[in-house]
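What the coordinates show
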Amino acid sequence: MKSLSVSSIALASLLSLSPSTRAADAIVPLPLLPGYNSEADPGWHFSASPYLWAAGVDGTVGQFGLPPASLDSKFSNIINELDFAFMGMVEGRNDRFSIFSDVIYTKISMSDASPKGILTQNIGVTSQTFTGFFGGGYSVLANGRDHLDVIAGARVWYASTELSLQGGPLNGISRTDSATWVNAVAGVRGTYFLSDALYLTGWGNVGAGQAKLDWDVAAAVGYQIKDSLSAVAGYRALGVNYSHDGFVFDVVQQGPILGLVYHF
């Protein structure tokens, strides 16, 4: 990754490298229980889905009262500063009804030397991002294991960035800027089996609320390894446009996804 400029003029470029601007938190709802047949196997069925979303991000961000800055970061750059990440979904389905949640949390930190090193020797950046989708669905079309659902719910966003000065007369001084917002979203998702084990899955939803726009689309191919386990691979794009009191988060994240779905 290119070295960070830590002068007061270039603080915006530091922010553009934080996960609150990259949101390497992607929400990847693996939409249905591929092995579930409501007619042959009634009652509640559940799944848990850990996954990886190798997403890059581009857009515009602004924090700490600074003018919004453009960003364009690849996933290969983001992963170098990643401290911790969790991505996963749980779902319950009973006949045509389903409830599900899909969350991602990331923490990224970095540090770079001050160009002059007079007032401080280093400037550190620690950023945390949480994104969660919580909702339910109803199958308007159902044929065995094939489903088309209408879905609705809320997507919660949280982004926080801390700047800390290390060394020199200003050692220990830090400042944090953060925001939390919620949007209502609705859309469709579905699964279609091409064979006993191979299936297509995808979703699309859009909404707004405290953000001007919030949208999410994806398409993937799944393979049912056995009754209790499936693997999924595909591509996903997620966008949000939020602005309030000088905090700007207008980004699009996209990249390949890879996950496992455990059924129980």
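Residues numbered from 1 in each chain as written. Predicted model: local features only at pLDDT ≥ 70, side-chain atom pairs only at ≥ 80, totals over all residues. Heavy atoms only, no water.

A closer look at the pattern of salt bridges
Condition: A carboxyl oxygen of Asp or Glu within 4 Å of a side-chain nitrogen of Lys or Arg is what we treat as a salt bridge. Strands here mean DSSP runs of E at least two residues long; helices mean DSSP runs of H or I at least four residues long; both are numbered from the N terminus. Partly exposed residues are those whose accessible area sits between 20% and 50% of the maximum for their type, while under 20% is buried and over 50% is exposed, using a 1.4 Å probe and protein chains only.
Applying the stated criterion to the full structure yields seven salt bridges. Its salt-bridge partner being Glu-91, residue Arg-189 comes within 3.1 Å of it at the nearest N-O pair. Taken together, the residues Arg-189 in strand β8 (residues 174-193) and Glu-91 in strand β4 (residues 82-94) connect sequence positions 98 residues apart. Taking the relative accessible area as the measure of exposure, Glu-91 reaches 2% and is therefore buried. The salt bridge partner of Asp-216 is Arg-236, with a shortest N-O separation of 3.1 Å. You can see Asp-216 sitting in strand β10 (residues 213-226) and its partner Arg-236 sitting in strand β11 (residues 229-244), a full 20 residues away along the chain.

Focus on the pairing of strand β1 (residues 44-53)
To keep things clear, this is the line we draw: Strands are treated as partners if at least two bridges between them are detected by DSSP.
Only one face of β1 is buried: it carries His-45, Ser-47, Ser-49, Tyr-51 and Trp-53, and the other face, with Trp-44, Phe-46, Ala-48, Pro-50 and Leu-52, is open. Where β1 meets β4, seven bridges bridge the pair, whose relative direction is antiparallel. Looking across to β4, one finds that His-45 is bridged to Arg-93. Two elements, β1 and strand β12 (residues 247-263), share five bridges in a ladder whose sense is antiparallel. Looking at the pairing, Ala-48 lines up with Tyr-262 of β12.

Some words on the confidence of the model for the protein
Stated formally: pLDDT: the predictor's confidence for each residue, scored from 0 to 100. Contact criterion: two residues are considered in contact whenever any of their non-hydrogen atoms come within 4.5 Å of each other.
Summarising the model, the protein shows a mean pLDDT of 81, and 78% of its residues fall at 70 or more. Ignoring residues within four places in sequence, the model shows residues 1-32, a span with pLDDT below 50, making 135 contacts including any to other chains.

Topic: the environment of Arg-175
By secondary structure assignment, the location of Arg-175 is in strand β8. For Arg-175 and Thr-161, which are 14 residues apart along the polypeptide, the C-alpha to C-alpha distance reads 8.4 Å. Each residue touching Arg-175, except ones within four places of it in the same chain, is listed here: Phe-64, Thr-161, Glu-162 and Leu-163.

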